[in-house]
Amino acid sequence: MENDAATLYCPNENCRAANPLTHKFCQRCSTPLPKNYLWAVVDGPSVGSPGEILADRYLVIDKFVLLDTKPGFISLTPELENLQPLRAYLRLIPYRLHVPQVYGVLFIADGSSHEREILLLEKPPLLIDDTSQKVHLGSELTTAWRDATSMRQLNWLWQIAHLWQPLASEGVASSLLDSSVLRVEGSLVRLLDLRFDSETSPELPQLGEFWQQLVSSAKPAIVEFVNRVSLALIQGEINSTDQLIGVLDGGLAGLGRSQTPTIKIITKTDTGPSRQRNEDACSPPSGTMVSKPPQPTALAIVCDGIGGHEGGNVASNLAIETIQQQVQQLTKVPYDHIDPSLLLNDLEKAVAIANDKISQRNDGENRQGRQRMGTTLVMALPVAHEMYITHVGDSRAYWITRQGCYQVTLDDDVASREVRLGYAIYRDAVQQSSAGSLVQALGMGSSTSLHPTSTRFMLDEDAVFLLTSDGLSDFDRVEEYWETEILPILAGEANIASVADRLIEIANTKNGHDNVTIALVHYQVQYWEPEITIKAFIPESYSAKTVDLASKATDVPLLGSPNQKTQVIPDTKPAKTSSLPLQWIVPLIFVVLAGCLGLFVRQLREPSGSLPIFANPLTQNPSIEATPEPRSLDNLSPGWVIKANNQIPLKNNQSLPPGTFLEVIDTNPNPKPTSGNFAVSMRVCANKSTQTPVNTNKPAVTTSVPPNLKPLPETVLLDLSQLKRFGVSVLQSNVQNPCTTVTQPPATPSSDTSPT
């Protein structure tokens, strides 16, 4: 319910005119009127009566929903020293796509000597009906689950898996187990607020129990998958979020084969009315439209040069040229061969190489301090059903869907750093004089001190990604105009070329203080429910890349995302290291030296055939045998046998059926080693499964690869990461070898035997 007497004040500080709540633009100056609906966290049955105005500013819409009628006015927030619960929200700002952020704090007298403390959260999961001016809460995930596609159902679980560790580090993982808090907004998981953990923090088995409730209403293609994963969590078979994300990635990859994306990219750059030259750069070149297909790769880059006449344009163009070369090499790899974590790492390496090229140019020209040229960067790389975003500086990426506009990058500036450290609310931090100063950009120094942010997003619906320099994003122009200018693209009412022109016009007329560069990435998808059943592969052993949150909790706050590596200042001083008194050190040195000398003399006196002093006791006693090390993909050796548990697609319409045995011939380091990856050369063993076409027995498989149309190759070559993805197992030493021994290693397998 709206209050007809209530008015919405223009945010333009030169206007401040009162407007009816139904208006979208100020009736005096035509400035867009933002409607900031807030979620109130307060003890009690409601925050007030509908129509009531709190603090002469906040209109009560519903029990816990408020509208800020003076959105352009600065609100003073009390000191945070006594508001510890706020810190979890602040430190989780890298996850604001899912976690609402603090808008402010109200203290309202309740008629007694006490004041009610009301925490106001911005951008909660609310559905706004502009026609009736009614506001509704977003659906609970458990309610929306039944009607979602299998792709979206796994997408939601994937997002929860990514949120588990950062929320657990702040003591609020319980939020992901509370149906009333866990909401959805289209394809996104959104939290209404945060629920603090009790003395006993929830663990992954409890997440599995929560997910087990979803099995009965999961889509047929994934019901077995969700059941298997939830049981693996409950039983401890999946014991880390990295492992869980890897399993979900495998399921999404299987579903992704039922999704066909079409991508269009256009860029625009303009000097602007106030600048003499354009320091920005973009790729593709300004005004160029790129479509995939037919193009094999779609990459959008926006750079905002720093350094003015000193060379900002040189830095931005050098960054684009370098990154294009690097990414071109990465995208030559077929999607089925791409490991998401390795691709994220490679994108950050590409940025590091660009940084060092600019930095070396600065050093060669003896540029110091403010004379050094540099650039910000934001780029988008769509790969199958995922979007990879990498950024440094304050150039931004926005994700626009039919449900809303979401800023998916966090500026590398002083204001964001203050919030991430839990020192200030963002609305207060941006008022500081140095709020917009960058804390990092390309070219300012060695890449060892650069920490780019790379993230990826699952796409299961049409979307537009906007990459922009601050020439457009300053003064919240994107938030003001996305609905009228960009949203029509998704409705088929506007093309991206005309929208790009319009956004440049808005930047020049409404801002006009800087160069402006944008890239629009229109992602369209066709999806159909697969008829196959997706299988969950749980690795027998998994070396999880986890962080010891307990030891980090009192040292450096874990503030970044799994891929966010920006260094932060610790809240507390490092503990002093203990040291021995000086009077103990000298005698200890003499004792150690004397012992070493005695051992050396004894070795000289021992007969030459005697056992070494430090020989393994197991090797001295023939009646005791050391337990052999278990065989796994991480310690592969020639002669070992690998069993394919799932269908493995090869080129030329071939595939290895489940049950195929492969004998390891040799292992070779990958030409571009990353994280210990290496190529494995294997011989296909003759057995029943390899002699029968895959579709003869019609097994339930997780891929849509066509059956073998010709005899299988004698040898195949796969990367270690591919073997892990395809779900193979290594036969142990006590299992009879199903393959005949290879007496002479065959020639190196040809490239056409590798998977597609």
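Caption draft 1: Quick look at unusual backbone geometry. Looking along the chain, the bond that leaves K292 and enters P293 is cis, with omega of -5 degrees. Inspection of the secondary structure puts P293 in the loop between β15 (289–292) and β16 (300–306). Residue P294 follows P293 across a cis peptide bond; omega there is 10 degrees. Within the secondary structure, P294 sits in the loop between β15 and β16. The phi dihedral of N366 is positive, around 55 degrees, even though this residue is not glycine.

Caption draft 2: Region of interest: the sheet that holds strand β21 (residues 405–407). Spatial strand order, β15-β13-β24-β23-β20-β21: six strands in an open sheet with antiparallel pairing. Each edge of the open sheet carries a strand with a single partner, namely β15 and β21. Recorded for the sheet is a direction-independent mean angle of 15 degrees between the axes of neighbouring strands.

Caption draft 3: Representation of the pairing of strand β6 (residues 65–68) in the model. Residues V65 and L67 line one face of β6 and the alternating positions L66 and D68 line the opposite face, and both faces are buried. In terms of strand pairing, strand β3 (residues 36–41) meets β6 through four bridges, oriented antiparallel. The partner of N36 across the bridge, within β6, is D68. With three bridges connecting them, strand β5 (residues 58–60) and β6 associate as antiparallel partners. By the bridge assignment, L59 is partnered in β6 with L67. The hairpin formed by β5 and β6 contains four residues between the paired strands.

Caption draft 4: How the structure looks around the side chain of R183. Tracing the chain through its elements places R183 in strand β11 (residues 182–185). The buried category is assigned to R183, whose relative accessible area is 10%. At 2.8 Å, the side chain of R183 forms a polar contact with the backbone oxygen of G138. Excluding anything up to four places from it in sequence, R183 contacts P125, L137, G138, S139, E140, L141, L188, V189, R190 and L192.

Caption draft 5: Region of interest: the sheet that holds strand β4 (residues 53–54). Spatial strand order, β4-β5-β6-β3-β8-β7: six strands in an open sheet with antiparallel pairing. Both edges of this open sheet fall to β4 and β7 (101–109), since each of them pairs with a single strand only. Of the pairings in the sheet, the one linking β4 to β5 comprises two bridges and is antiparallel in character. Bridging across to β5, I53 finds its partner in L59.

Caption draft 6: Quick look at helix α5 (residues 223–234). With 12 residues, α5 should cover 16 Å at 1.5 Å per step; its first-to-last C-alpha distance of 17 Å lies within 8% of that length. Along α5, the residues that are buried comprise F225, V226, V229, S230, A232 and L233. Burial along α5 is one-sided: seen end-on, the buried residues are contained in an arc of 160 degrees. Against α3 (150–169), α4 (204–212) and α6 (241–256) lie the buried residues of α5.

Caption draft 7: Here's a closer look at the pairing of strand β12 (residues 188–191). Neither face of β12 is exposed, since L188 and R190 on one face and V189 and L191 on the opposite face are all buried. Inspection of the sheet shows β11 paired to β12 by four bridges, in the antiparallel sense. Among the inter-strand pairings, R183 is bridged to a residue of β12, identified as R190.

Caption draft 8: Broad picture of the environment of L90. In this structure, L90 sits in helix α1 (residues 85–91). Given a relative accessible area of 1%, L90 falls into the buried group. Between the C-alpha atoms of L90 and E418, which are 328 residues apart in sequence, the distance is 9.0 Å.

Caption draft 9: Just the packing of α4 against α5, in detail. One can describe the packing of α4 onto α5 by two numbers: an axis separation of 7 Å at closest approach and a directional angle of 150 degrees. In terms of orientation, α4 and α5 fall into the roughly antiparallel class. You can see that α4 and α5 cross each other, and the crossing is left-handed. Of the residues in α5, those in contact with L204, P205, G208, E209, W211 and Q212 of α4 are V226, N227, V229, S230, L231, L233 and I234. Per-class residue counts for the contact of α4 with α5 are eight nonpolar, four polar and one charged.

Caption draft 10: Seen up close, helix α13 (residues 496–511). For α13, spanning 16 residues, the distance from its first C-alpha to its last is 21 Å, which sits close to the expected 22 Å at 1.5 Å a residue. Looking only at α13, the buried set comprises I496, V499, A500, L503, I504, I506, A507, N508 and N511. Taken together, the buried residues of α13 touch β13 (259–270), β15, β23 (463–468), α11 (470–473), α12 (477–490) and β24 (516–527). Put simply, N495 is the residue that caps the front of α13, since its side-chain oxygen is 3.2 Å from the backbone nitrogen of A497. Looking one or two residues past α13, G512 carries a phi angle of roughly 75 degrees, positive in sign.

Caption draft 11: Structural context of the packing of aromatic side chains. Scanning the entire structure with this criterion turns up four aromatic pairs. Each ring, one from W39 and one from F64, has its centre 5.7 Å from the other, and the planes form 45 degrees; the classification is tilted. Highlighted residues: W39 in strand β3 and F64 in the loop between β5 and β6, separated in sequence by 25 residues. A residue is classified by how much of its surface remains accessible, and F64, at 18% relative accessible area, is buried. Ring plane angle 20 degrees and centroid distance 5.4 Å describe the contact between W399 and F465, whose orientation is recorded as stacked. Pair noted here: W399 is in strand β20 (residues 396–400) and F465 is in strand β23, with a separation of 66 residues, a long-range link. Take W399 and F465: they sit in the same class, and that class is buried. Among the aromatic residues, those joined into a ring-pair cluster are W399, F457 and F465. Between the NZ or CZ atom of K70 and the centre of the ring of F73, over which it lies, the distance is 5.8 Å. Above the plane of the ring of Y103 lies R427, whose end atom (NZ or CZ) is 3.9 Å from the centre.

Reading the values: rules and limits
Residues numbered from 1 in each chain as written. Predicted model: local features only at pLDDT ≥ 70, side-chain atom pairs only at ≥ 80, totals over all residues. Heavy atoms only, no water. Helix = DSSP H or I, 4+ residues; strand = E, 2+ residues; numbered from the N terminus. Pairing = 2+ DSSP bridges. Axes fitted to C-alpha atoms, helices over the stretch in contact; angles between N-to-C directions. Buried < 20%, exposed > 50% of the residue type's maximum accessible area, 1.4 Å probe, protein only. Polar contact = N/O pair within 3.5 Å; in protein donor to acceptor, adjacent residues only side chain to side chain. Contact = heavy atoms within 4.5 Å. Expected span 1.5 Å × (residues − 1). Arc of directions from axis to C-beta. Parallel < 35°, antiparallel > 145°, perpendicular 65-115°, else oblique. Left-handed = near helix turned anticlockwise from the far one by under 90°. Nonpolar A, V, L, I, M, F, W, Y, C, P; charged D, E, K, R; others polar. Phe/Tyr/Trp six-rings, centres within 6.5 Å; stacked < 30°, edge-to-face > 60°. Lys NZ or Arg CZ within 6 Å of the ring centre and 35° of its normal.

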